[in-house]
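Examining the three-dimensional arrangement
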Amino acid sequence: MSKRLEIEQKYFFKDINTFYNLLSENNLEKNENSNINDIDEYFTDINGEYIQNRTCLRIRKTNNKSMELTFKGKSRKFFSFLCKIWK
């Protein structure tokens, strides 16, 4: 059975125009028709072990219409990244 490796990378911009310039330089554009509004609520245990282990229990509400409960297991070190391995 194959495994899927999930790696996330975060970027921080001083202003939104820098972000839009990056999109433009890479021939990407904002999709004006996508009106998706996600609201995430995160939970941890009383001892804070979820935070220490980089695990996550989350409720995501999308457009006030649907809800999704997700649990992501412990992150692992993969080269210089933190990642989650899905079986």
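Summary of the structure given here. From a predicted model like this one, the values you see are computed outputs, not experimental measurements.

Reading the values: rules and limits
Residues numbered from 1 in each chain as written. Predicted model: local features only at pLDDT ≥ 70, side-chain atom pairs only at ≥ 80, totals over all residues. Heavy atoms only, no water. Helix = DSSP H or I, 4+ residues; strand = E, 2+ residues; numbered from the N terminus. Buried < 20%, exposed > 50% of the residue type's maximum accessible area, 1.4 Å probe, protein only. Contact = heavy atoms within 4.5 Å. Areas by Shrake-Rupley, 256 points an atom, 1.4 Å probe, with all protein chains shown as cover. Phe/Tyr/Trp six-rings, centres within 6.5 Å; stacked < 30°, edge-to-face > 60°. Pairing = 2+ DSSP bridges.

Describing the overall build of the protein chain
Along the backbone of the protein chain there are 2 helices and 6 strands. Counting from the amino terminus, the protein chain carries its helices and strands in the arrangement β-α-β-α-β-β-β-β. The buried share among the 87 residues of the protein chain stands at 13%. Long-range pairs, those at least 24 residues apart, make up 34% of the contacts in the protein chain with a sequence separation of at least 6. For the protein chain, the accessible surface area stands at approximately 8,200 Å², while carbon and sulfur atoms represent 51% of it.

Some remarks on the packing of aromatic side chains
Evaluated as defined, the whole model comprises 2 aromatic pairs. Here Phe19 and Tyr20 contribute two aromatic rings whose centre-to-centre distance is 5.6 Å and whose plane-to-plane angle is 55°, an arrangement assigned as tilted. On the basis of relative accessibility, which here comes to 30%, the residue Phe19 falls in the partly exposed class. For Tyr20, a relative accessible area of 33% corresponds to the partly exposed category. Site record: aromatic cluster; members linked through ring pairs are Phe13, Phe19 and Tyr20.

Remarks on the pairing of strand E4 (residues 66-72)
In the sheet, strand E3 (residues 56-62) pairs with E4 via 7 bridges, with the strands oriented antiparallel. The partner of Arg60 across the bridge, within E4, is Glu68.

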